[in-house]
Amino acid sequence: MKNPRAALILVAVAILAASIAGAVFLLGQPNNDGNGGGSGNQTLSVVGFPVDAGLHNGKDVMWIRTPDQKVSIRFTARISGTASSLAFYAFAYEGQPTVRVGIQGDSEGLPDGEWINDNSVLVQLNQITGFRAVDLASGVQIQSGEEYHIVVEAAEDPLNGSAGVFVYYANGFGQPFNPINPDIIWNDTAMSVLAHSGQSWVEKNKWPIFVIKYTNGAMEGQPYSLAAPWVVWGDTYVGQTFVPTKDYKITKIAFDVSTKQAAPQDKLYYQIRGPNNQILANGVFAEPGQLTAWQCWVEVELPSPVALKAGETYRIVLLSPGSSLENAYLLYGHEFCYNSSIGYGGHRHAITSSFDGGERWADNYDADAIFRLTVSN
Ligand SMILES: [Ca+2]
């Protein structure tokens, strides 16, 4: 399926130096099943895809410049099976270095140094940046709930150039599919990146970019590539389609937004649309002078809570009918470059756009808007 791409602008987003703790967005951190943290009559929790990647534009590079440097992608397997291939996001900065990549077991948080079942393979990197998918030399038995490491290390001495492994800028970036509750972020407390300096492993507190593929076709991992903006103007409305896993009431909505350049002519508005495309709530999301070309979170409180039902399809969208394409608003999302069904919310949740003022909607399953909802039971 080819998604409408007219509204998508792929731009290199400027790097913001500001460091923002992801946890600051979690008002009443949901527990694993998304019921919220409290036990009172009304429990507030946050659902959505509240990554702040867009606000940092967030990638970082782990370098392998000398034969003794290594990188580890640590994760907790959620699937039991035989891993047969993997994908990692790597490139050559200089030359055409050859690295060894494969899966190792865990020893108190560190790679145990053993390629399970001699699975590792050699990969020559080049200056094309992107996912490198490789078949493992042998199948690796993976047990759900156990921690594993994808290790990348130099495979030659001297190294013919320098290699980089892309990772996210901080913890919590992107969000793999959460099979326990697709509405909320995946709580893999072990997920991280480690770098070996030549002397010892150091945990970097950054989230990895990777995919593991099993012999039965199942996959898991973080398949995101980059944050990208969608334009909002005229009859082009953009937002997120989602199917709640349980009944709840929305009290606040938030998106990561900016302006394209100069102040738009019109305000930015929101709508919440129901299963029959009926408008359940609407209002002003931001004033024209409120936003700049720098991304930021905007959050608005709804005049009254909007009740949603589990299993029904809803859309929360932004619009600005009186604004032009030249001075449009931008809404940010994350795109997948490998497998959209193992990213945030699977295909229950997707970015959505309309090009006719909300009459018809196209759900783009290869991306999710960066958004969060504060909900109560
Ligand atoms: Ca999704």
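Residues numbered from 1 in each chain as written. Predicted model: local features only at pLDDT ≥ 70, side-chain atom pairs only at ≥ 80, totals over all residues.

### Description of the confidence of the model for the protein chain
Basically, it comes down to this: Along the chain, pLDDT gives the predictor's confidence residue by residue, from 0 to 100. Contacts here follow a simple rule: the backbone-placed C-beta atoms of the two residues must lie within 7 Å.
Per-residue confidence for the protein chain gives a mean pLDDT of 86, with 86% of residues at or over 70. Confidence over residues 1-40 falls short of pLDDT 50; this stretch has 65 contacts with residues more than four positions distant or in other chains.

### As for the sheet that holds strand β19 (residues 279-286)
In plain terms, the rule: The pairing criterion for strands is at least two bridges between them, as found by DSSP. In this text, helices come from DSSP runs of H or I with a minimum length of four residues, and strands from runs of E with a minimum of two, each type numbered from the N-terminal end. Note on method: axes are straight lines fitted to C-alpha atoms, helices fitted across the in-contact stretch only, with angles between N-to-C directions ranging 0 to 180 degrees.
With respect to topology, six strands assemble into an open sheet ordered β19-β18-β21-β16-β23-β24, the strand pairing being antiparallel. Edge positions in the sheet fall to β19 and β24 (362-364), since each of these pairs with one other strand and no more. Between one strand and the next, the sheet's axes are offset by a mean angle of 25 degrees, whatever the strand orientation. Strand direction decides the pairing type here: strand β23 (residues 350-354) and β24, joined by three bridges, are antiparallel. Across the sheet, the residue bridging to T352 is D363, located in β24.

### Some remarks on unusual backbone geometry
What counts here: Partly exposed residues are those whose C-beta has more than 12 but fewer than 20 other C-beta atoms within 10 Å; with 20 or more the residue is buried, with 12 or fewer it is exposed, and the C-beta atoms are placed from the backbone.
Each neighbour pair has its own omega, and for D157 with P158 the value is 5 degrees, a cis peptide bond. Following the sequence through the fold, P158 ends up in the loop between β9 (147-154) and β10 (161-168). The backbone of D118 shows a phi angle near 50 degrees, a positive value even though the residue is not glycine. Within the secondary structure layout, D118 lies in the loop between β6 (110-115) and β7 (121-124). Take D118: there are 11 C-beta atoms within 10 Å of it, and that puts it in the exposed class. Positive phi, close to 50 degrees, is recorded for N205, a residue that is not glycine. Tracing the sequence through the fold places N205 in the loop between β12 (201-203) and β13 (210-214).

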